Amino acid sequence: MEEQPTRPTPTDGGEFPDGADERAPPVEVEVEYGDDEEEEPPRSATAKQEEANAALGAEGSRPFTTRELLGEIKEDAEAAEAEGSGGGGGTGSAFGEGNGTVSADEGSSSSQESMQQSSSHHDVAMDLINSVTGVDDEGRSRQRILSFAGKRYVNAIERNPDDPDAYYNWALVLQESADNVDPNSGSSKDSLLEEACKKYAEATRLSPTLYDAYYNWAIAIADRAKTRGRTKEAEDLWKQAILNYEKAVQLNWNSPQALNNWGLGLQELSAIVPAREKQTIIKTAISKFRVAIQLQFDFHRAIYNLGTVLYGLAEDTTRSGRPDVSANELYSQSAIYVAAAHALKPNYLVYRSALRLVRTMLPLPYLKVGYLTAPPANNAIAPHSDWERSQFVLNHEGLRQVDGSNQPPSQSPGNTDGGRKPTRIAVADIVSVAASADLTLPPGAGLCIDTVHGARFLVADSWEALDGWLDALCLVYTIFARGKSDVLAGIITG
């Protein structure tokens, strides 16, 4: 018998990077893993820089991604070393030493005192960066570049204390250095993250619309919270991270990755707060994951995370014995999202392990079974009296209305008259799926499935039920469009 995990656990999609090569502006980095490797999702995953700039109305210069930053700094460092070896103080000019300095009689004494305090903070941060050694030769080489970068941004801030990009890029260097800390060394990852948070705070003070700074600031805070277990300090840090994710989404609403991380933060917070607050926080997390998926239906990390939070909610419901919520329905919903994530990324072991746990919670051999109200076939404008509530099944091939002669296993009979032609919608024919507020529809939550043959209208029992149908239909279509229908077929048909 295969060993099964006790429960699916959330993937920190977008929060913890593979070396944080592209922390901000967060750019989705897809890494294909072999069958024997577990996923370590990248932290930085949002819209491309151009999209972020367009959303913020950015013009002119922009902050670097960490990868761009390190690439440019590495070139500068090599050039500085070459100049230094040739004589002539090239290194000094690279850091701007001796250039642009003010004489002792310039500026007020308060300004000088402020600069001295700032310089002291810079020294603390540089000492922390210089204390990092890296875990291997690559890490040590990387850290030398980061140390060079730190000096570069100290110098930039000394020249212009009101430069938000300098603070932002310096925060990236500190955050990157924290990821480069050898666990067996005396370096403090938390202290580096704390300093990075200070730089992000200053960057956002100087530029309140700097989306990337809020996003990565939230990541740094979340990294600090994760080391503190379920303590009051961790609770406070998670709340701070959530506020920064919220601010990032306010600045760039079209960021599924920020929404996913926001949901993860809420999920972590729900494990710490008193039980009376947990349900509200969990429902908010579900809404964030769902919006992230609706923005990007192949965003497998958000899909999987929604599955895990629904699974946890099902377990809580089972323990509490709440009569108003069906634990079995929640388990089934959870299984749909886990199955979809696995279908999109079948090589991710974490998805595969979770699927082994929840697969039997699906209404096999279907992905989803439920009730919808439908008009007679080919007569969408039929009077409401001709519409009938009946059972529908969804699998990798499409959506089908169940007739009396073809019931899905272990399901109660539908209400469809055997003389009526059942509604069938092939996934290959779907153009779009959306909620419909058409006032001509019968009472309930309207669903419009636009196909190559025209629009098909159905009505769900409630808006909550409609959300489940919308997600399931869009996920099945996305899996089909990505050429993974055979994987989904294997899941639900065995």
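Remember, it's a predicted structure, so these values are computed and weren't measured experimentally.

**Quick word on the side chain of Q257**
In step 1: Inspection of the secondary structure assignment puts Q257 in helix 10 (residues 256-270).
In step 2: A polar side-chain atom of Q257 sits 3.4 Å from a polar atom in the side chain of Q296.

**Overview of the sheet that holds strand 2 (residues 388-394)**
In step 1: Judged by pairing direction, the sheet is antiparallel, and its seven strands sit side by side in the order 4-3-2-1-7-6-5 without closing on themselves. Two strands bound the open sheet, and with one partner strand each, they are strand 4 (424-426) and strand 5 (430-436). Taking the axes of each pair of neighbouring strands and ignoring which way they run, one obtains an average angle of 30 degrees across the sheet.
In step 2: Taken together, the three bridges between strand 3 (residues 398-401) and strand 4 define a ladder with antiparallel strand orientation. The residue bridging G398 from the neighbouring strand is A426, located in strand 4.
In step 3: Packed on one face of the sheet, helix 15 (residues 463-481) meets strand 1 (368-374), strand 2, strand 3, strand 5, strand 6 (445-451) and strand 7 (454-460) and runs near 165 degrees to strand 5.

**So, a nonpolar patch on the surface**
In step 1: Side chains of W253, V291 and L295 sit close together on the surface and give an oily, nonpolar patch of about 300 Å² of accessible area.
In step 2: Looking at the element boundaries, W253 is found in the loop between helix 9 (232-251) and helix 10.

**Topic: the confidence of the model for the protein**
In low-pLDDT regions, the fine details of the predicted coordinates are not to be read closely.
In step 1: Of all residues in the protein, 68% have pLDDT values of 70 or greater, and the mean over the chain is 77.
In step 2: Segment residues 85-118: pLDDT under 50, and 17 contacts once partners within four positions in sequence are set aside and those in other chains are kept.
In step 3: For the stretch residues 409-418, pLDDT sits under 50, and the model shows 21 contacts to residues farther than four places along the chain or on other chains.

**Looking at the packing of aromatic side chains**
In step 1: This model, assessed by the stated rule, comprises eight aromatic pairs.
In step 2: Ring geometry for Y214 versus W217: centroids 6.3 Å apart, planes at 25 degrees, classification stacked. Of this pair, Y214 and W217 both sit in helix 8 (residues 211-226), separated by three residues, roughly a single helical turn. Just as Y214 is buried, W217 falls in that class too.
In step 3: Both rings, one in Y311 and one in Y331, keep their centres 5.3 Å apart while their planes meet at 70 degrees; by these two values the pair is edge-to-face. Taken together, the positions of Y311 in helix 12 (residues 300-320) and Y331 in helix 13 (residues 327-344) put the pair 20 residues apart, joining distant regions of the chain.
In step 4: Look at Y311 and you get buried, because its relative accessible area is 5%.
In step 5: Connected via pairs of aromatic rings, a cluster forms that spans Y211, Y215 and Y245.
In step 6: Taking the ring centre of W469 as reference, the NZ or CZ of K368 above it sits at 4.9 Å.
In step 7: Sitting above the plane of the Y371 ring, R389 keeps its charged end 4.3 Å from the centroid.

What counts, and where the lines are drawn
Residues numbered from 1 in each chain as written. Predicted model: local features only at pLDDT ≥ 70, side-chain atom pairs only at ≥ 80, totals over all residues. Heavy atoms only, no water. Helix = DSSP H or I, 4+ residues; strand = E, 2+ residues; numbered from the N terminus. Polar contact = N/O pair within 3.5 Å; in protein donor to acceptor, adjacent residues only side chain to side chain. Pairing = 2+ DSSP bridges. Axes fitted to C-alpha atoms, helices over the stretch in contact; angles between N-to-C directions. Contact = heavy atoms within 4.5 Å. Patch = residues over 30% accessible without salt bridge, like charges linked within 9 Å, V, L, I, M, F, W, Y side chains within 5 Å. Areas by Shrake-Rupley, 256 points an atom, 1.4 Å probe, with all protein chains shown as cover. Salt bridge = Lys/Arg side-chain N within 4 Å of Asp/Glu carboxyl O. pLDDT = per-residue confidence, 0-100. Phe/Tyr/Trp six-rings, centres within 6.5 Å; stacked < 30°, edge-to-face > 60°. Buried < 20%, exposed > 50% of the residue type's maximum accessible area, 1.4 Å probe, protein only. Lys NZ or Arg CZ within 6 Å of the ring centre and 35° of its normal.

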